[in-house]
Amino acid sequence: MGAATTTVPRAQPHHPDPNENYLKAERGIMSWLVTLDHKRIGIMYLISVILAFAVGGFFALAVRFELFSRGHTIMDADQYNRAFTLHGVVMVFLFIIPSIPAALGNFVLPIQLGAKDVAFPRLNLMSYYIYVFGACFALYSMVTGAVDTGWTFYTPYSMRTTSSVIPMVLGAFIMGFSSILTGVNFLVTVHKLRAPGQTWTKLPLFIWGLYSTSIIQVLATPVLAITLLLLCLERFLGLGIFDPKLGGDPVLFQHFFWFYSHPAVYIMIVPGMAVVNEIIATFTRRAIVGYMFVAMSSLALALLGFLVWGHHLFVSGMSEYATMVFSGLTFLVAIPSGVKVFNWVATLYKGSIRLESPMLYALSFIFLFTIGGLTGLFLGMLAIDVHLHDTYFVVAHFHYVMVGGTVMGFVGGLHYWWPKMTGKLYNEGMAKVAWFLVFIGFNVTFIAQFIMGSRGMPRRYYDYLPEFEIFHKTSTIGSWILGAGFLTMLAMFIISLKSGAKSTRNPWGSAALEWQTPTPPPLANFIKVPTITRGPYDYHLATEEELSEQ
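Residues numbered from 1 in each chain as written. Predicted model: local features only at pLDDT ≥ 70, side-chain atom pairs only at ≥ 80, totals over all residues. Heavy atoms only, no water.

J.: Could you give an account of the packing of aromatic side chains, naming the residues involved and the relevant values?
T.: Within this structure, the stated rule accounts for 47 aromatic pairs. Arranged with centres 5.2 Å apart and planes meeting at 85 degrees, the rings of Phe 133 and Phe 137 form a pair that is edge-to-face. A residue pair is termed a helical-turn pair when its members lie 3 or 4 positions apart in one helix, as Phe 133 and Phe 137 do in helix α4 (residues 121–143) at four residues. Judged by its relative accessible area of 48%, Phe 133 falls in the partly exposed class. Of the residues examined, Phe 137 reaches a relative accessible area of 25% and is grouped as partly exposed. Where Phe 242 meets Phe 256, the ring centres are 6.3 Å apart and the plane angle is 85 degrees; that geometry is what we call edge-to-face. Taken together, the positions of Phe 242 in the loop between α7 (205–237) and α8 (250–284) and Phe 256 in helix α8 put the pair 14 residues apart, joining distant regions of the chain. Classification of Phe 242 by relative accessible area gives buried; the value is 0%. With relative accessibility at 31%, the residue Phe 256 sits in the partly exposed group. Among the aromatic residues, those joined into a ring-pair cluster are Phe 93, Trp 151, Tyr 154, Phe 242, Phe 253, Phe 256, Phe 257, Trp 258 and Phe 398. The ring of Trp 32 has Arg 40 lying over it, and the distance from NZ or CZ to the ring centre is 4.3 Å. (Phe/Tyr/Trp six-rings, centres within 6.5 Å; stacked < 30°, edge-to-face > 60°. Helix = DSSP H or I, 4+ residues; strand = E, 2+ residues; numbered from the N terminus. Buried < 20%, exposed > 50% of the residue type's maximum accessible area, 1.4 Å probe, protein only. Lys NZ or Arg CZ within 6 Å of the ring centre and 35° of its normal.)

Here it is as structure tokens:
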């Protein structure tokens, strides 16, 4: 990647050796709980979001099991409302939003920059504990009655329900600060801590993705925080902001909520796109076609994402002129996503493709996200949206973007960087079996929902008409296959930790900077501070030693 110019200082008395493997540099539970090392904080985030994913997945399976047959199956209507609400809240606020930026980003971003750590290590640790503190509020809500409002907390119902709304809203409010502080930390790190020679045109596309995501986190999250705070104040003080009985406007809540939550879609999906860039470049052994177009498309998504929130409110009584503007802007935001997809496909063309497990997830991302994006255009058309609004078609579209996109990106990134994080390899055959189950299970689950949604099956309903039963049964069976895939993946990673073979420095033969440092990385990330002389995807400039898998 470049010449080494500066040697990292050796260990000082009472200080860990900066050249020691970060997993062994310090020992004991306290060394983890108070660590300032971005890699260890990333690992703690990773464990936390995986636990959240397990909880959210449990509620998803419970909802699908209930819908396997008409009428009462395993829960009553009130329990069903709480189960699908908790699935949404846990998955969105505790898993998807922090998954790639806070977990994978914390581990990888400083190494890809050639830095020793993030700009504010103490702030980084505080962000993690704020996330945990907010998660505790959410947990308290679950054990004290949970919520039944849906993850959107729409008023006026959220003002009047007797379920445990306030703790859950406060949990989301607190976790928002964690997101903001992580965004600020990453922005400063990218600007100030790049290694010598690391110009903006040599930045990995993963960095461009996280940089764009951080902009959204810093600018949009405060709007949600204020909205949720107003919701709490209205319940306590009866201010009359959103409740029509008090002279408030419930549609105003929807505007505030979606002004954050549509950009939040890009907080979730842009990091997934960023991971896919790294995987495709490594497993085709060539530079991403149209590097600057892909980088700028991330910034374009960050900007345009702020302008399209109104398409969630087409049937809420907006003026026809406003709906036309939001419809047009919705089509506009598809362009940067299209730029990425076309450039990935162009990169694959005549590339030296290796179908190892990370690449299978990257290809799945392209296929599934494209379906999710195109069906989003249907919902951006005014006349079609009126027909499909609040049907299972919207549920399927959302999951093709969030699961087919973000989760595939997260899981692909986890497979890709797992050897670097743990120093262990995993069973590739078992990984491919897990991928196959996840891919098949996901499509069986949600293609059925596209069909019944287009035929008018409303979402969030506890019961349904006989003509929809075959689709619900198919969707539930798909969710079981999907769950089996994730359980296989979990078993594969546990086996890897317990008895996996030791990983070499660069098991994928990548030209990227993070694969040039030892595996697992030393505490200071590099034995010698690197000087960057080429881009991360310049395979034609990389030496045989750099590309060596040993």
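J.: Residues and numbers for the nonpolar core, please.
T.: The biggest cluster of nonpolar side chains holds 167 residues, and the ones touching the most others in it are Phe 93, Leu 94, Phe 95, Phe 153, Ile 280 and Met 489. By residue number, the principal contributor to this core is helix α3 (residues 77–113), which donates 22 residues. In this structure, Leu 94 is in contact with Val 49, Ala 52, Val 89, Tyr 131, Ala 135, Ala 138 and Met 175, ignoring residues within four places of it in sequence. (Core = buried A, V, L, I, M, F, W, Y, C linked by side-chain atoms within 4.5 Å. Contact = heavy atoms within 4.5 Å.)

J.: Talk me through the environment of Val 169; I want residue IDs and the actual numbers.
T.: With respect to the helices, strands and loops of the structure, Val 169 is situated in helix α6 (residues 165–192). Overall, Val 169 belongs to the buried group, its relative accessible area being 0%. Residues Val 169 and Glu 545 lie 376 residues apart in sequence; the distance between their C-alpha atoms is 52 Å. Once you skip the residues sitting within four places of it in the chain, Val 169 turns out to touch Phe 153, Leu 228, Leu 231 and Cys 232.

J.: Give me the lowdown on unusual backbone geometry, citing residues and values where you can.
T.: Leave glycine aside and you will find that most residues have negative phi; peptide bonds, for their part, are mostly trans. A cis amide bond, omega 5 degrees, links Thr 155 with the succeeding residue Pro 156. Of note, Pro 156 is situated in the loop between α4 and α5 (157–160). For the bond from Thr 519 to Pro 520, the omega torsion is -10 degrees, close enough to zero to count as cis. Of note, Pro 520 is situated in the loop between α15 (469–499) and β2 (528–530).

J.: Tell me about the packing of helix α2 (residues 38–66) against α15, and name the residues and values.
T.: Between α2 and α15, the least distance of the axes is 9 Å, while the angle of their chain directions is 155 degrees. Classified by the angle between their axes, α2 and α15 sit roughly antiparallel to one another. In this structure, the crossing between α2 and α15 has a hand that is left-handed. Residues Phe 53, Leu 61, Arg 64 and Phe 65 of α2 touch α15, and the partners they reach there are His 472, Ser 475, Thr 476, Ser 479, Trp 480 and Phe 486. Class assignment for the residues of the contact of α2 with α15 results in five nonpolar, four polar and one charged. (Axes fitted to C-alpha atoms, helices over the stretch in contact; angles between N-to-C directions. Parallel < 35°, antiparallel > 145°, perpendicular 65-115°, else oblique. Left-handed = near helix turned anticlockwise from the far one by under 90°. Nonpolar A, V, L, I, M, F, W, Y, C, P; charged D, E, K, R; others polar.)

J.: Tell me about α7, and name the residues and values.
T.: Between the first and last C-alpha of α7 there are 47 Å, a value that for 33 residues agrees with the 48 Å anticipated at 1.5 Å per step. Maximal helix bending in α7 amounts to about 35 degrees, located at Ala 220; proline Pro 222 follows within four positions. Positive backbone phi, at 65 degrees, marks Gly 238, one or two positions downstream of α7. (Expected span 1.5 Å × (residues − 1). Bend = angle between axes of the 7 residues up to and from the residue.)

J.: Give me the packing of helix α11 (residues 357–380) against helix α14 (residues 428–454): which residues, what numbers.
T.: Where α11 contacts α14, the axes come no closer than 10 Å and their chain directions differ by 10 degrees. Here α11 lies roughly parallel to α14, going by the angle between them. Here Ser 357, Leu 360, Tyr 361, Ser 364, Phe 367, Leu 368, Ile 371 and Thr 375 of α11 come into contact with α14, specifically with Glu 428, Ala 431, Lys 432, Ala 434, Trp 435, Phe 439, Phe 442, Asn 443 and Phe 450. For the contact of α11 with α14, a count of residues per class yields 11 nonpolar, four polar and two charged.

J.: Can you lay out the pattern of salt bridges for me, pointing to particular residues and giving the numbers?
T.: For the structure shown, the criterion picks out six salt bridges. Salt-bridge contacts for Arg 354 lead to Glu 356; the nearest nitrogen and oxygen are separated by 3.6 Å. For Glu 356, a relative accessible area of 21% gives the class partly exposed. (Salt bridge = Lys/Arg side-chain N within 4 Å of Asp/Glu carboxyl O.)

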